[in-house]
Each structure stands twice: as C-alpha cells, then as structure tokens.
Amino acid sequence: MTTLKGPGKPKTYDGSGLRIGIVHARWNATIIDALLDGTKKALADAGVQEKNIVIQSVPGSYELPYAVKQLYSASQVQSSSTGVVGAAADLLGSASDLTQLNVSTPKDAALNSPFDAIIAIGVLIKGETMHFEYIADAVSHGLMRVQLEGNAPVIFGLLTLLDEQQGLHRAGIAGPEKNQGHNHGLDWGYAAVELGVKRKGWV
Ligand code: DLZ
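Keep in mind the model is a prediction, meaning the values are calculated, not measured. (Residues numbered from 1 in each chain as written. Predicted model: local features only at pLDDT ≥ 70, side-chain atom pairs only at ≥ 80, totals over all residues.)

Chemist: What is the right way to read the overall build of the chain from this model?
Modeler: Looking only at helices and strands, the chain has eight helices and four strands in total. Going from N to C terminus, the chain has its helices and strands arranged as β-α-β-α-α-α-α-β-α-β-α-α. Across the 203 residues of the chain, 40% fall into the buried class. Counted over contacts in the chain with a minimum sequence separation of 6, partners at least 24 positions apart contribute 75%. (Helix = DSSP H or I, 4+ residues; strand = E, 2+ residues; numbered from the N terminus. Buried ≥ 20, exposed ≤ 12 C-beta atoms within 10 Å, placed from the backbone. Contact = placed C-beta atoms within 7 Å.)

Laid out in structure tokens, this is it:
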C-alpha cells in the first residue's frame, strides 16, 4: 500500500564519493541512538564509506546550529599543513575523526567544504513550560540559516514531540497496536546522499 506521508521510495543515489557530517544531541538517548543507527544504515546502503562519515555530539538540541556552523567554518579556514580537514579538526577538537576523511581531490577542494551534507539530529520532548517552543523555534531557524549561509545542505533531523511515545514510534522502536513505526533516521540518511549528490551537480 502506498502512503501519502514521507518522501516516498528513495531513488538510488551513489554516495560512494560523499563526505557526510552528523551532529547529534544527547538528550533522550534511547531515541537518538535508534535514529543515529537508522541514519548510518541508510548512508551505508547508499554506498557512503564509513571513513567518510564524521559523527559529533553536543549536549542538547539547542547546540546543534552552532555545531553545524563549526563544521561549515572549517571550509573558510585554510591550513597550509593540514588543509580543510585539519582545520575542521582544529575547530572541533577531534583530529582523529576528521583526518580520516578523504577530501583532498581538486574537484572536492573546489567545492570548498569538507562535507557534502550535514545531518543534524535532535529529539525535543514537550514539557510543562515554554522551553520546548523556544528551543524548537531557535534550532529550526538556526539550522536553516546555517544551511542558506553555508555551502552544503543541512538535513533537518529534529523531532519535536509531544511525548516520548511519539519518539519511539518515529525511531522505529515501538508504537501503538504492535506497529513498530518508521525510523526517520533512514529518511535523513537518504536525503543527505541525494542532496550531497545534487549539490555536486549544482555547482
Ligand atoms: C533544557 C532542555 C530540555 C528541557 N529539553 C530538551 C530536550 O527535550 N531535548 C534536547 O535535545 N535538549 C533539551 N534541553 C537541553 C537544551 O537543548 C540545551 O542543551 C541546554 O539548554 C543548554 O544550552
């Protein structure tokens, strides 16, 4: 049965030449972990090499736009000894992860970013105060701003939930009437590959 919701059956895009950044929040860890697994599964399915995936975490969703911007900032900084990857590592303090990336080809250098797409993952659950609304609004606008002002697509992996149950359902862990739900991380992984491939074509 076809469904109206969701991006539809993913087309096959070859992600074997892409470099993907993932930044995830650590709040609501059970749901985050499942979404991260789904994202990585889709990236692997599309051929993205593990060595070309960099994963960073931040405490909460509010920190996501800044962390994504830091990944972008790496493209503005040129380091003669280590190149953009080394610069990214300096900014993020994780040289061991980033120096594994294979980003030094002239074609990639012309694109002026160490990543072809960045996926931001967070899980916001509504509480009793207005905290949720402020964070959701700030993060949504922050990620869009970073994306439009930067030079690589940002995939919006922020779930804004009324309760934990909704998150379990959207992470494919549990749902009503034995329906396990659908892991939205899969959609984000495929979206990153599609946008990463198209970005190369658009430049
Ligand atoms: C403070 C807070 C609250 C109440 N709820 C969440 C949440 O549901 N999901 C999430 O990712 N982060 C939450 N945070 C933490 C904020 O995003 C942020 O990390 C802190 O306010 C510190 O800046």
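Chemist: I tried to follow the site of the ligand on my own but got confused; where do I start?
Modeler: The environment of the ligand is formed by 15 residues, the closest being Ala25, Trp27, Gly60, Ser61 and Tyr62. A total of four residues in the shell around the ligand trace back to one element, the largest contributor, which is strand β3 (residues 117-125). Taken together, the residues of the shell around the ligand break down into eight nonpolar, six polar and one charged. (Near = placed C-beta within 6 Å. Nonpolar A, V, L, I, M, F, W, Y, C, P; charged D, E, K, R; others polar.)

Chemist: So what exactly am I meant to see when it comes to the environment of Thr160 here?
Modeler: In this structure, Thr160 sits in strand β4 (residues 154-161). For Thr160, a count of 19 C-beta atoms within 10 Å translates into the label partly exposed. For the pair formed by Thr160 and Lys126, sequence separation is 34 residues and the distance between their alpha carbons is 7.6 Å. Excluding its chain neighbours within four sequence positions, the residues that come into contact with Thr160 are Leu124 and Ala136.

Chemist: For this particular structure, what's the right way to read the sheet that holds strand β1 (residues 20-25)?
Modeler: The strands making up a sheet associate through backbone hydrogen bonding, with each pair oriented either parallel or antiparallel. With parallel pairing, the four strands of this open sheet are ordered in space as β2-β1-β3-β4. In this open sheet, the two edge strands, each paired with only one partner strand, are β2 (53-58) and β4. Averaged over all pairs of adjacent strands, the angle between strand axes in this sheet comes to 15 degrees, irrespective of strand direction. Of the pairings in the sheet, the one linking β3 to β4 comprises eight bridges and is parallel in character. Paired with Ile121 across the strands is Gly157, a residue of β4. Helix α1 (residues 29-45) rests against β1, β2, β3 and β4 of the sheet, and its axis sits at about 155 degrees to β3. Against the sheet, helix α6 (residues 131-149) contacts β3 and β4, and its axis sits at roughly 170 degrees relative to β4. (Pairing = 2+ DSSP bridges. Axes fitted to C-alpha atoms, helices over the stretch in contact; angles between N-to-C directions.)

Chemist: Would you mind showing me how to read the pairing of β2 here?
Modeler: Along any regular strand the residues' side chains alternate between the sheet's two faces. Examined bridge by bridge, β1 and β2 share six bridges and lie parallel to one another. When the sheet's bridge partners are listed, Gly21 is paired in β2 with Val54.

Chemist: Looking at this model, I keep getting lost on α1. Mind explaining?
Modeler: Think of an α-helix as 3.6 residues a turn; residues three or four steps apart then line up on the same face. With 17 residues, α1 extends 24 Å between its outermost C-alpha atoms, agreeing within 8% with the 24 Å of an ideal straight helix rising 1.5 Å per residue. The set of residues buried in α1 consists of Ile31, Ile32, Ala34, Leu35, Leu36, Gly38, Thr39, Lys40, Ala42 and Leu43. (Expected span 1.5 Å × (residues − 1).)

Chemist: Help me out: how do you make sense of the nonpolar core in this one?
Modeler: Soluble globular proteins tend to pack their nonpolar side chains together in the buried interior. In terms of nonpolar packing, the biggest core is built from 44 residues, with Ile20, Val68, Ala117, Ile118, Ile119, Ala120 and Ala192 touching the most fellow members. Residue contacts for Ile118: discarding those within four places in its chain leaves Gly21, Val23, Val68, Leu71, Ala152 and Val154. (Core = buried A, V, L, I, M, F, W, Y, C linked by C-beta atoms within 7 Å.)

Chemist: Would you explain the environment of Asp45 in this entry?
Modeler: Assignment of secondary structure puts Asp45 in helix α1. Taking the number of C-beta atoms within 10 Å as the measure of exposure, Asp45 has 15 and is therefore partly exposed. The sequence separation of Asp45 and Leu186 amounts to 141 residues, and the corresponding C-alpha distance is 9.7 Å.

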